[in-house]
Every structure is written in C-alpha cells, then in structure tokens.
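Geometric and topological summary
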Amino acid sequence: MVSTPIRIALLGRQGAGKGTQAMRISHHFAIAHISTGDMLRAAVRAGTPFGEKAKAYLQRGELVPDAVIVGVVAERLGEPDAKRRGFVLDGFPRTLHQAEALESILLPEGLGVVVNLEVPEWLVLERLASRRVCSVCGANYSVAMPPHVDWTCDVCGGEVVQRADDTEEAIRRRLAAYESATAPLIAFYEGRGLLETVDGVGDPEEVHERMLEALARHGIVGEAG
Ligand code: AMP
C-alpha cells in the first residue's frame, strides 16, 4: 500500500510525557521516533565533535544553538525511514527559528499536525524529580515505576539512571527556556491550523488514547504497528 508519510511534532514542557508518548506513537504507526534530546545525549556519550559542542549546553539546561541542531535534524529527516513512512519529532522544534527551518526542510508538504501536550508546571516538577531513564536507549521510568530488575532497562538491558540535567537548577533553566523560546510556537502552529492540544495528565495509556483521537482529527489513522 502506498501512503503519504506521517509527520508529527510534539510540543510540551519538560516532563510533559513527550518521550513516552512519542515512543508509543512511533510503535503504533511504525514511524521514526526522532528525539533531539536522545540524539544529543548519544553524541555526548560517543564524544563526537557535535557531542563536544553540545555537552556544556545540556549540562547547564540551556538550548544548544539553532545552527547546531537544525543541520542534524535535517540530515535525520532525509533518511529513508523518515522519508518513506514518516516520523514523530520529540523535542524539536524548540524555537521559532527552528520551526521556520523545519518548514523549509519539509517543503512542500510540511507537518501534518503538531500536538501540544499540556501538563501544569507543578506536576512536571514532580515528574522530573522522580524521572529515571535508560542511559543506553532512553526508555523512561520513574521511582514509582522502576524497571523489573534492579535499575536494568526492561527494553535493552542498559543502566537506568537519573538524567544529569534533572537537577533542580537545570530544571529551572529548562522550564524558563521553554516559556520564553518554545511556548510561542503554540501560537505559531495555531496560526497554521496544525495545533492540537492534548491533556497530558493521567496514565500514559489514557494520554495515548487522547493523542490518537487528536491525530485522527488531522486524518492520521492507522492500525497498530
Ligand atoms: P530533552 O531530552 O528534549 O529534554 O532535551 C535535553 C537537552 O537537549 C535540552 O535541555 C537542550 O539542552 C538540548 N536540546 C534538545 N532538543 C533541542 C532543540 N531542539 N534545540 C536546542 N536544544 C535542544
């Protein structure tokens, strides 16, 4: 069956559940999960020149410069899986400049939908404090929902840890960066008729169902992948 690629971007504060929901969406539609945070952390771990450039920004909880991230995303979006079946972007775009660059990259079709996962600030603070992630594949856990065996990832066997930027100070900086740089994208995408706002409060399965309903309103439907 020939079908048009699915092109989704997720907005939402740190801790809103973008990673968890993006992973589910990518499995559901069998599309690429493109997380700029995961890509940056992998590059830092691998010690690539790109990782070296990004490291200090990640540690401080600041956004890496647009010029650094846009090129990497453009390259990833040009790979066959993303081009053929589509993708869900998690953590990109995060600035107006990135959103405009993305429009150029995706010409002529553009994004199909942008989902804003809405979660109040007090709840994201609570979630971030208890968040634990796999240091290898990025799977999400929490103190309340740890992996089955001794902080070993259920998915890949990697070590499950607290993220280096989930410290109080870095969290404060990242939330401030979200309000000033990323929140304006809500109006930007609303103006383009692409925005869907989804309540991100509740258990992940419930939120996933809401996401599927929102995607369906933009013609994105499909069976489980
Ligand atoms: P995340 O895992 O999405 O919370 O991203 C972790 C960190 O990676 C952020 O605090 C930024 O330092 C950096 N980062 C991720 N995505 C972007 C982006 N689109 N633009 C700039 N910096 C980013």
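You'll find the structure just up there.
Here goes a summary of the coordinates provided. (Residues numbered from 1 in each chain as written. Predicted model: local features only at pLDDT ≥ 70, side-chain atom pairs only at ≥ 80, totals over all residues. Heavy atoms only, no water.)

1. Describing the overall build of the protein chain
What counts, and what does not: By definition, any uninterrupted DSSP run of H or I lasting at least four residues is a helix, any uninterrupted run of E lasting at least two residues is a strand, and each is numbered from the N terminus. The quantity called the radius of gyration is restricted to C-alpha atoms. Its globule counterpart is 2.2 Å times the number of residues to the power 0.38. Residue burial is assigned from relative accessible area. The probe radius is 1.4 Å, only protein chains are included, and a residue is buried under 20% of its type maximum, exposed over 50%, and partly exposed in between. In this description, contact between two residues means that some pair of their heavy atoms is separated by no more than 4.5 Å. Charge convention: Lys and Arg are scored as positive, Asp and Glu as negative, and His as well as the terminal groups of each chain are ignored. Note on charges: their place is set at NZ of Lys, CZ of Arg, CG of Asp or CD of Glu.
Of the regular secondary structure elements, the protein chain holds ten helices and eight strands. Expected size for 225 residues packed as a compact globule is a radius of gyration near 17 Å; at 17 Å, the protein chain falls within 12% of this value. Taking all 225 residues of the protein chain together, 46% fall into the buried category. Restricting the contact set of the protein chain to residue pairs at least 6 apart, pairs at least 24 apart contribute 71%. Computed over 24 positive and 31 negative side-chain charges, the inter-centroid distance for the protein chain is 4 Å.

2. Re the site of the ligand
For clarity, the cut-off: Any residue with at least one heavy atom within 4 Å of a molecule or strand is counted as near it. Throughout this description, a polar contact denotes any pair of N or O atoms lying within 3.5 Å of each other; where both atoms belong to protein, one of them has to be capable of donating a hydrogen while the other can accept it, and for residues adjacent in sequence the pair is counted only when both atoms sit in side chains. For the accessible areas, the method is Shrake-Rupley and the probe is 1.4 Å, while residue cover comes only from the protein chains on display. Residues are sorted three ways: Asp, Glu, Lys and Arg are charged, Ala, Val, Leu, Ile, Met, Phe, Trp, Tyr, Cys and Pro are nonpolar, and all the rest, Gly among them, are polar.
Not every one of the 16 residues close to the ligand is listed here, only the nearest: Thr36, Arg41, Glu62, Gly91 and Gln98. At 3.0 Å from a nitrogen atom of the ligand is found a side-chain nitrogen or oxygen belonging to Arg94. Burial of the ligand by the protein chains amounts to 96% of its free accessible area of 480 Å². Counting residues per element, the shell around the ligand draws most heavily on helix α2 (residues 36–46), at four residues. Of the residues contributing to the shell around the ligand, the split by class is six nonpolar, four polar and six charged.

3. Comments concerning the sheet that holds strand β2 (residues 32–35)
Put simply, the rule reads: We treat two strands as partners when DSSP finds at least two bridges between them. What counts as an axis is a line fitted to C-alpha atoms, over the stretch in contact for a helix, and the angles between N-to-C directions run from 0 to 180 degrees.
Pairing is parallel in the open sheet, where five strands are placed in the order β2-β3-β1-β4-β8. On the outer flanks of this sheet lie β2 and β8 (195–199), each paired with one strand and no other. Across the sheet, the mean angle from the axis of one strand to that of its neighbour is 20°, orientation sign disregarded. Where strand β1 (residues 6–11) lies against strand β3 (residues 86–90), five bridges are found, and the strand directions are parallel. Bridge pairing in β3 links Leu10 to Asp90. Sheet strands in contact with helix α1 (residues 18–29) are β1, β2, β3 and β4 (113–118), and its direction is about 175° off that of β3.

4. Things to note about the sheet that holds strand β7 (residues 160–161)
The strand order across the open sheet built from three strands is β6-β5-β7, with neighbouring strands paired in antiparallel fashion. Two strands in the sheet have a free side with no partner beyond their single neighbour: β6 (140–142) and β7. Relative to β7, strand β5 (residues 131–134) runs antiparallel, the two sharing two bridges. What sits directly across from Val133, in β7, is Val161.

5. Some thoughts on the state of the cysteines
Using the following cut-off: Any pair of cysteine sulfurs within 2.5 Å is marked as a disulfide.
Summed over the entire model, instances satisfying the criterion amount to zero disulfides. No disulfide involves Cys137; its sulfur sits 3.8 Å from the nearest other cysteine sulfur, which is in Cys153. Judged by its relative accessible area of 31%, Cys137 falls in the partly exposed class. Unpaired in terms of disulfides, Cys156 finds its nearest cysteine sulfur in Cys134, a separation of 3.6 Å. Judged by relative accessible area, Cys156 falls into the partly exposed class, the value being 37%.

6. Topic: the environment of Ala99
Within the fold, Ala99 resides in helix α6 (residues 96–105). In sequence terms Ala99 and Phe188 are 89 residues apart; their C-alpha atoms lie 8.7 Å from each other. Among all residues touching Ala99, those that are not within four sequence positions of it are Pro93, Leu185, Phe188 and Tyr189.

7. As for the packing of aromatic side chains
As a reminder of what qualifies: Aromatic rings from Phe, Tyr and Trp, taking only the six-membered ring of Trp, are treated as a pair when their centres fall within 6.5 Å; an angle between ring planes under 30 degrees marks them as stacked, one over 60 as edge-to-face, and anything in between as tilted. Cation placement over rings: the criterion is NZ of Lys or CZ of Arg within 6 Å of the ring centroid and within 35° of the ring normal.
Considering all chains together, one arrives at one aromatic pair under this definition. Here the aromatic rings of Phe188 and Tyr189 are separated by 4.9 Å at their centres, their planes lie at 85°, and the arrangement is edge-to-face. Each member of the pair, Phe188 as well as Tyr189, carries the same accessibility label: buried. Cation over ring: Arg60 sits above Tyr57, and NZ or CZ is 5.3 Å from the ring centre. Positioned over the ring face of Phe188 is Arg192, at 4.0 Å from the centre of the ring.

Any functional reading would require information beyond the geometric quantities listed.
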